[in-house]
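# Secondary and tertiary structure notes
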Amino acid sequence: MTGADETGAHGSGGPALTLPEELLLLALDPVRGRPISNAAYLRYGVAGAALAELEAAGRITVERGDRVAVANPLPLGDPVLDGALAALPAPGKQRGSSVKAHRWVRSAARPVHELCLRRLEERGAVRREPHRALGLFPYDRFPAGPVDLIGPARARFLAALDAHLPDPRTRLLAAHAAAVDLDAKLVPGGPFSAQRRDLKRLAKQEWSAHAAYQAVQMDKSSAAS
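Residues numbered from 1 in each chain as written. Predicted model: local features only at pLDDT ≥ 70, side-chain atom pairs only at ≥ 80, totals over all residues. Heavy atoms only, no water.

Looking only at helices and strands, the protein chain features 9 helices and 5 strands. Along the chain direction, N to C, the helices and strands of the protein chain fall in the order α-α-β-β-α-β-α-β-β-α-α-α-α-α. Taking 225 residues into account, the globule formula puts the C-alpha radius of gyration at 17 Å, and the protein chain, at 17 Å, falls close to it. Each principal axis of the C-alpha distribution contributes one length, and for the protein chain these read about 50 × 45 × 40 Å. The burial tally for the protein chain puts 47% of its 225 residues in the buried class. (Helix = DSSP H or I, 4+ residues; strand = E, 2+ residues; numbered from the N terminus. Rg over C-alpha atoms; globule rule 2.2 N^0.38 Å. Buried < 20%, exposed > 50% of the residue type's maximum accessible area, 1.4 Å probe, protein only.)

Given below as structure tokens:
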């Protein structure tokens, strides 16, 4: 894990929140049950944050700057991280045992995001509400559950920003938030504020956040064309 202690990351006494869980908590509107930023971009960030946790746990390595390979396939006991690990190419010397980080982020975004939502349901942080668009197409919303984890997650994030991101974990969280444009909703000031510029630079410096950032830019390019 990337350094959250066993109780301090959420105050509920259970296992510490992982980085993808914290990112998702930052992005959820507790009343409407929808992301406050672009949903597709957020999924990329959640997948990228899972890669950051896997690297910190020694399960993956990064080769040639942007290729991810499994170094240790042993599960960690966390459903989100173990699901992400299982979605990576199996380790080995054969061709195809590594993958470009941004391509994996795009392909694994939906299943990793769903695993993360299920984990937050188990923690009581959100509840799943089934809906139907036009009375036909099913979709779910995730308003806050009985255990308030969204409020504390945002409070920790804003406190870390005020303290200029004092540790590697908060820098990683901020980098992934900026990579998927969540900073626009969480950080006061316009898009050209010094703090927002710093966060965007950080998103390009942290390899896992940069993978999410590249995935976002690919979507933006496709939409523009």
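So much for the structure itself; the text now carries on.
This next bit is on the pairing of strand β2 (residues 67-70). As defined by bridge partners, strand β1 (residues 60-63) adjoins β2 across 4 bridges and the pair is classed as antiparallel. Of the residues in β2, the one forming a bridge with E63 is R67. If you look at the hairpin formed by β1 and β2, you'll find 3 residues sitting between the two strands, and R64 has a positive phi there, around 50°. Bridge count for β2 against strand β3 (residues 98-100) is 3 bridges, and the pairing is antiparallel. Across the sheet, R67 pairs through a bridge with K100, a residue of β3. (Pairing = 2+ DSSP bridges.)

The next thing to look at is the packing of helix α3 (residues 79-86) against helix α4 (residues 101-123). Following both chains from N to C, one finds α3 and α4 inclined at 155°, their axes separated by 9 Å at the closest point. If you check the angle between α3 and α4, you find them roughly antiparallel. The hand of the α3/α4 crossing is right-handed. Contact residues: P79, V80, G83 and A84 in α3; W104, V112, L115, C116 and R119 in α4. Split by residue class, the contact of α3 with α4 holds 7 nonpolar, 1 polar and 1 charged. (Axes fitted to C-alpha atoms, helices over the stretch in contact; angles between N-to-C directions. Parallel < 35°, antiparallel > 145°, perpendicular 65-115°, else oblique. Left-handed = near helix turned anticlockwise from the far one by under 90°. Contact = heavy atoms within 4.5 Å. Nonpolar A, V, L, I, M, F, W, Y, C, P; charged D, E, K, R; others polar.)

To continue, consider the pairing of strand β4 (residues 129-133). Bridge count between β4 and strand β5 (residues 137-141): 5 bridges; the pairing is antiparallel. Bridge assignment links E129 to a residue of β5, and that residue is R141. Here β4 folds back onto β5, and the loop between the two strands holds 3 residues, one of which, L134, carries a positive phi near 60°.

Here we come to the confidence of the model for the protein chain. On average, the protein chain scores 90 in pLDDT, and the residues at 70 or more come to 92%. Under a pLDDT of 50 for its full length, residues 1-8 has, in the predicted model, 22 contacts with residues more than four places off or in other chains. (pLDDT = per-residue confidence, 0-100.)

Now for the nonpolar core. By size, the foremost hydrophobic cluster in this structure holds 67 residues, and its most contacted members are L88 and W104. W104 has contacts with A47, L51, A84, A87, L88, V99, A109 and V112, leaving out every residue within four places of it along the chain. (Core = buried A, V, L, I, M, F, W, Y, C linked by side-chain atoms within 4.5 Å.)

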